[in-house]
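Remarks on the overall topology
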Amino acid sequence: MIQRPDHFTIVTDQLEATRSFYVDLLGMREGPRPPFPVPGLWLYVHEHPVLHVVAVEQMPTPRRGALDHMAYWAEGLTDTIAGLRAYGVNLRLIRSPGANRTWQLFFNDPNGVEVELDFAETETPPENWKTLSAPLR
């Protein structure tokens, strides 16, 4: 029945920081959003809204759901890492095991949501890729 992933929804009390992170840093774009009675954003990749952001005054307690992370296919591994580091983001880069050795880049957004970006195995990582998991100081 399922054809493909459609979108993720995150809740934030940091709407502008979240917008900046996904739009300015990761390259999504803001797009049309139905006139919901709560503020928020729909962020697009190409012509499809893939991340719905709902703004709240205060984060819900307890937090809802058990989503471990959201993953996106991406291009430009080295430039992405440089941009994340310049933004002050701690990250972890690994090679997936097995025959398909894609690059998997993990980091948290401003709301603590883990994001995974997957890159083709043919992309060239930075020379220091094995030590990129060290926290920024």
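Before going into details, it helps to say that this report is about the structure given with it. (Residues numbered from 1 in each chain as written. Predicted model: local features only at pLDDT ≥ 70, side-chain atom pairs only at ≥ 80, totals over all residues. Heavy atoms only, no water.)

Attention now moves to the pattern of salt bridges. According to the stated counting rule, one finds five salt bridges in the structure shown. Put simply, Glu114 and Arg92 hold a salt bridge, and the shortest N to O gap is 3.9 Å. In this pair, Glu114 sits in strand β8 (residues 114-119) while Arg92 sits in strand β6 (residues 91-95), placing the two residues 22 residues apart along the sequence. For Glu114, a relative accessible area of 22% corresponds to the partly exposed category. The class for Arg92 is partly exposed, based on a relative accessible area of 35%. (Salt bridge = Lys/Arg side-chain N within 4 Å of Asp/Glu carboxyl O. Helix = DSSP H or I, 4+ residues; strand = E, 2+ residues; numbered from the N terminus. Buried < 20%, exposed > 50% of the residue type's maximum accessible area, 1.4 Å probe, protein only.)

Within a regular strand, the side chains alternate between the two sheet faces. Across the six residues of β8, five count as buried, placing the element largely inside the fold. Judged from the four bridges that link them, strand β5 (residues 70-73) and β8 form a sheet pairing that is parallel. Each bridged residue has a counterpart across the sheet, and for Ala71 the counterpart in β8 is Glu116. The pairing of strand β7 (residues 103-108) with β8 spans six bridges and is antiparallel. Each bridged residue has a counterpart across the sheet, and for Leu105 the counterpart in β8 is Leu117. The hairpin formed by β7 and β8 contains five residues between the paired strands, and Gly112 there has a positive phi angle of roughly 85°. (Pairing = 2+ DSSP bridges.)

When we look at burial in helix α2 (residues 77-86), the residues that qualify are Leu77, Thr80, Ile81 and Leu84. For α2, the angular spread of the buried residues around the axis is 100°, confining them to a single face. Looking at α2, the residues exposed on the side facing more than 90 degrees away from the buried face are Asp79 and Ala86. Check the buried side of α2 and you find it contacts α1 (15-25), β6, β7 and β8. Looking at the residues trailing α2, positive phi occurs at Gly88, about 85°. (Arc of directions from axis to C-beta. Contact = heavy atoms within 4.5 Å.)

Within the structure shown, the criterion is met by six aromatic pairs. Relative to Trp42, the ring of Phe36 lies with its centre 6.1 Å away and its plane at 50°, an arrangement referred to as tilted. Note on Trp103 and Trp129: the rings are 4.8 Å apart at their centroids and 80° apart in plane angle, and the pair reads as edge-to-face. With a gap of 26 residues between them, Trp103 in strand β7 and Trp129 in the segment after β8 connect regions that are remote in the sequence. With a relative accessible area of 2%, Trp103 lands in the buried category. Aromatic ring contacts, followed pair by pair, group Phe21, Tyr22, Tyr87 and Phe107 into a single cluster. Above the plane of the ring of Phe106 lies Arg92, whose end atom (NZ or CZ) is 4.5 Å from the centre. (Phe/Tyr/Trp six-rings, centres within 6.5 Å; stacked < 30°, edge-to-face > 60°. Lys NZ or Arg CZ within 6 Å of the ring centre and 35° of its normal.)

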